[in-house]
Amino acid sequence: MLLTLISVAGYSKATVSALKCEYQINPVGICVAQPRLSWQIVTTENNFIQQAYEIRAAESQGNLSSASKLLWGTGKVNSSESVNIAYGGPSAKSMQRVWWQVKIWDAKNKATVWSEPAYWEMGLLGEADWKASWIRLGEELDNLASRPSQYFRKEFSLNKKVKSARVYVTALGLYELRINGKKVGNDLFTPGWTSYKNRIQYQTYDVTSMLSAKNAIGAIVGDGWYRGNIGFKGQRSYYGDKSALLAQLEVNFTDGTKETITTDSNWEATTGPILESDIYNGERYDARLELNGWDQAGYADSKWKSAAGYDFTKSTLIAPQGVPVQAIQEIKPVKLIKTPKGELVLDMGQNMVGVVRLKVKGNSGDKVVVKFAEVLDKAGNFYTDNLRAAKCTDTYILKGGGEEIFQPRFTFHGFRFVKLEGLAAEPTLDQVTGVVIHSAMTPTGSFACSDSLINQLQHNIQWGQKGNFLDVPTDCPQRDERLGWTGDAQVFSMTAAFNFDVAAFYTKWMKDFTADQLKSGRVPHVIPDVLSGGGGATAWADASIIVPWTVYQVYGDKRILAEQYNSMKAWVEYMHTRAGDKNLWIGDEHFGDWLAFATTSSSYPGATTEKDLIATAYYAHSSKILSQIATILGKTEDATFYANLSAAVKKAFIDEFVTKNGRVVSHTQTGYSLALAFDLLPGNLKKSAAEYLAADVKKMGHLTSGFVGTPLVCQTLSSIGRDDLAFMLLKRTKYPSWLYPVTQGATTIWERWDGQKPDGSFQDVGMNSFNHYAYGAIGEWLYKHVAGIDLDPQHPGYKHILLEPHPGGDLTKASAEFNSMYGMIKSSWKLDKSQMIYDVTIPVNTTATVTLPHAELAKVMLNQLPVSGSKICKAEQVKDATTIELGSGNYQFTYDSDLFMTKK
Ligand code: BGC
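A brief look at the structure comes next. (Residues numbered from 1 in each chain as written. Predicted model: local features only at pLDDT ≥ 70, side-chain atom pairs only at ≥ 80, totals over all residues. Heavy atoms only, no water.)

**Regarding the sheet that holds strand β3 (residues 36-42)**
Hydrogen bonding along the main chain pairs the strands of a sheet, whether they run parallel or antiparallel. What counts is decided by this rule: Strands are treated as partners if at least two bridges between them are detected by DSSP. A helix here means a DSSP run of H or I that spans at least four residues, while a strand means a run of E at least two residues long, and both kinds are numbered starting from the N terminus.
The strand order β1-β3-β7 describes an open sheet built from three strands, whose pairing is antiparallel. The open sheet terminates on both sides in strands that have one partner only, identified here as β1 (15-21) and β7 (85-86).

Structural data, given as structure tokens:
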């Protein structure tokens, strides 16, 4: 005991925790040969930087402490890196589990104790590992107009004691796997949506505790993205007209033997109560056809038929790298509305995405129809015109005899209002539960300030992200679209990465860029591509570069840059070909500044920014980022080549689109924002261009930009010293503005500034989503600028943080938190008359530069002591600001400035 105490005294007081592998805690069923390991350090000590680390990995927990039995041991590595360190041991084999742990050294060269062990486990890595065969019900379903879901089952006995069991499972379509009467895992919409022709994910589940001596395994397979309706052109069966199941259960017994149970023609198959299920149209369920006990042993399946084999490749199977879709939360309706038309409608109080769980009672054969809408019309009636061809209807036929519960499996809806038809009596609020479904990303960010409308805007941005991050980042979640529109995702990616951990989510999505990109380098408009080619639109296709670049900046992830490099380069080369020697990208079809402000007035005939200008600006921007990426990856020749290319495009841009007085042609907010934000102006013309932008914003008094310009306008105004105008735009409540929808009761971000007009009438039904995150890209500016948490491009992953509050717009306080790979970052400011109170948290193993606006060094107090001469930090007066270099810890700054009294 004494010995232990003495040795503990020799250890660092810090501890290592939150061990992650490929952004997940103890992942099971991965395919990455050299997975990356990350950890966080917990200590009460300020200014803490890890001096060295040691990682060890072994096949079992027991082997970790035995040097000769390690798979990999780094020894002591002098480095402050604690994020995304690649495993360097021998590649683990299929189904192998690797245990690992880490310790670190502090500044006094004291090591911590070893962390708790963590692990990762490989999935099935090659086609040869798959012993299972694809199965399906048979031909009779193929040509039916309505498509019932298929049910599959198999019974088996296990006569020995089970040590561990894993099931590897996927489907052409969507599946729900069940063992002994229970659903396997919590994931929904499996196997997820990918470029199915090239990549189909399978899932791995630890089912050890679900097995017993007598077992039944079964699955339900629905159409989903694979075989259902997809895209707005009325397409069905885009990937194939046959749905199928593939499952392999690997059981290890305590005596060292094993058994494998696989899908094959010994499985039984049938159809059941799910008469039809479709992502756009909804689900039809006849409870009278339920197959009671079908997923348990002892069920009489004599009426089922033998499953048919299906000759389909297994070469495209991959383990998931993203985040599973799950039911994340439940909400109850807030009120029952009887509309003027007499409809019975429940208001969920929130525009949400997922399904409704319904409790009903009635007679066998009674039919309840559930319909979904985002808004009520002017008269207060249920409104579904904006859903276009999507029927968004669930139908439940009762079996009778007591309370029945219905929750559809293979469809989701985007809705706030739920209309119920066919109930025997008026519904009660208790009968309906909203099940919110999305990719189970960990929430990482929050923003709040003294203005409740802006707080509602932040709420709407976050709900827009929840609703549209259902395995793929989509434009909208409700109409016959719900596609991975690249442009929307591109502009929103940094905001998304504040709100939730999207590293794995985007890693998966980017692989589908590589899969679906055309040989010419053209990037399809939507990924996964279901519009059959097309693509190549400026600002949309650039997602191929900007999204991985965001992941690199936010998570310090170099691998995504390396893995996407060929795709990024191919896209820039495509632009190169289109632009030719003149370096101007002229004449191609683009979406342009999509949905920009339009009028019919001759004094302001709309804010059309020329597509050629946007295309050339993005060409310069993306080739510049590509050159930076090439530098990071050590591709020096490419780095020089693309830096020169970008410079040449910038020159061409200036010659073509900038007058010698600094007027940008097009003279629009978007035109100026692109030119300034992408650094496309000669130094001597920046000032006049900035003045033109400011003058336009002032004259109009509102935004005139669409999808391309809107994310840039406030940040550009801030960069030219016009926070006054940026805050004016933020705080405006009349159309067009971010807050106009908020004043109309919006709970998500709308596709159009005037989706619903002040008189209650609607925009064009052809395109009017009330849950479209693109305009939510203002979130980035709220976090970075208003609250003041910014990245240092030189030290990605928030290894070094830039903290700078920006009071303005009469706000008296604003604060943001962001849970980075290193831990929580906080930036929270409050004005009390002329006094600024600024609290920051800098995570362990990072440093920060704090910039205090209007701060005279001599007046700044840090934790109530004068900052000047402080031993904790280095402080400096830079013009009218004080900058301070700090290490990890919690700090409070206070100081006075009369300028805060007048700050608008
Ligand atoms: C989508 C958009 C998308 C656009 C292309 C629309 O139908 O909903 O968000 O970016 O098409 O311009």
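**Quick look at the site of the ligand**
We apply this condition: The cutoff for a nearby residue is simple: one of its non-hydrogen atoms must lie within 4 Å of the molecule or strand. We call two N or O atoms a polar contact when they sit within 3.5 Å, provided that within protein one can donate a hydrogen and the other can accept it, with sequence-adjacent residues counted only if both atoms are side-chain atoms. Side-chain classes are defined by residue name, with Ala, Val, Leu, Ile, Met, Phe, Trp, Tyr, Cys and Pro counting as nonpolar, Asp, Glu, Lys and Arg as charged, and the others, Gly among them, as polar.
Within the structure, the ligand sits among Asp475, Arg479, Glu481, Trp485, Asp488, Trp540, Phe591, Trp594, Phe707, Glu751 and His772. Arg479 places a side-chain nitrogen or oxygen 2.7 Å from an oxygen atom of the ligand. A per-class count over the shell around the ligand returns five nonpolar, one polar and five charged.

**Examining the state of the cysteines**
How we decide: Throughout, a disulfide means two cysteine sulfur atoms within 2.5 Å of one another. Throughout this description, buried means an accessible area under 20% of the type-specific maximum (1.4 Å probe, protein chains only), exposed means over 50%, and partly exposed covers the range between.
Per the stated rule, a full pass over the model turns up zero disulfides. Of all cysteine sulfurs in the structure, the one in Cys714 sits closest to Cys449, which takes part in no disulfide; the separation is 13 Å. Given a relative accessible area of 7%, Cys449 falls into the buried group.

**As for the side chain of Gln101**
Here is the rule we go by: Residues are treated as being in contact if the distance between any of their heavy atoms lies within 4.5 Å.
Residue placement: Gln101 occurs in strand β8 (residues 97-105). A polar atom in the side chain of Gln101 sits 2.8 Å from the side chain of Arg56. Among the polar contacts listed, one links the side chain of Gln101 to the backbone oxygen of Ser115, at a separation of 2.8 Å. Non-local contacts of Gln101, meaning those with residues more than four positions away in its chain, are made with Leu19, Glu54, Ile55, Arg56, Leu64, Trp114, Ser115, Glu116 and Pro117.

**A closer look at the environment of Gln350**
Along the chain, Gln350 falls in strand β31 (residues 344-360). Taking the relative accessible area as the measure of exposure, Gln350 reaches 7% and is therefore buried. Spatially, the C-alpha atom of Gln350 lies 5.4 Å from that of Arg416, the residues being 66 residues apart in sequence. Other than its neighbours up to four places away in sequence, Gln350 contacts Ile331, Phe415, Arg416, His459, Trp463, Thr747 and Thr748.

**Quick look at the environment of Tyr604**
With respect to the helices, strands and loops of the structure, Tyr604 is situated in the loop between α7 (558-579) and α8 (611-632). Measuring from C-alpha to C-alpha, the distance between Tyr604 and Arg722 comes to 23 Å, with 118 residues separating the pair along the chain. When residues no more than four places from it in sequence are discounted, the contact partners of Tyr604 are Phe597, Thr599, Asp696, Lys699, Met700 and Thr704.

**Topic: the pairing of strand β30 (residues 335-338)**
Every regular strand shows the same layout, with side chains that alternate between the two sheet faces. Of the pairings in the sheet, the one linking β30 to β31 comprises four bridges and is antiparallel in character. Bridge pairing in β31 places Ile337 opposite Val345. Linking two consecutive strands that pair antiparallel, namely β30 and β31, is a turn of five residues; a positive phi of about 90° is found at Gly342 within it.

**Overview of helix α4 (residues 486-499)**
The following threshold applies: For a helix, the expected span equals 1.5 Å multiplied by the residue count minus one. To obtain the bend at a residue, axes are fitted to the seven residues ending there and to the seven starting there, and the angle between these axes is taken.
Between its first and last C-alpha, α4 extends 19 Å over 14 residues, near the 20 Å set by a 1.5 Å rise per residue. The largest bend in α4 comes to about 55°, at Ser493. Burial analysis of α4 places 14 of its 14 residues in the buried class, the great majority of the element.

**Some points on helix α13 (residues 723-731)**
Looking only at α13, the buried set comprises Asp723, Leu725, Ala726, Phe727, Leu729 and Leu730. Each element contacted by the buried residues of α13 is listed here: α3 (452-468), α11 (686-700), α12 (710-719), α14 (739-743) and α15 (779-787).

**Concerning the packing of aromatic side chains**
How we decide: Pairing of aromatic rings covers Phe, Tyr and the six-membered ring of Trp, with a centre-to-centre limit of 6.5 Å; geometry is then stacked below 30 degrees between planes, edge-to-face above 60, and tilted otherwise.
In total, this model carries 59 aromatic pairs according to the counting rule given. A centroid spacing of 5.8 Å and a plane angle of 75° characterise the contact between Tyr23 and Tyr555, whose relative ring orientation is edge-to-face. In this pair, Tyr23 is assigned in the loop between β1 and β2 (28-30) and Tyr555 in helix α6 (residues 543-555), connecting sequence segments 532 residues apart. For the pair Tyr23 and Tyr555, a shared accessibility class is recorded, and that class is buried. Ring centres of Trp750 and Phe770 lie 5.2 Å apart, and the angle between their planes is 90°; this geometry places the pair in the edge-to-face category.

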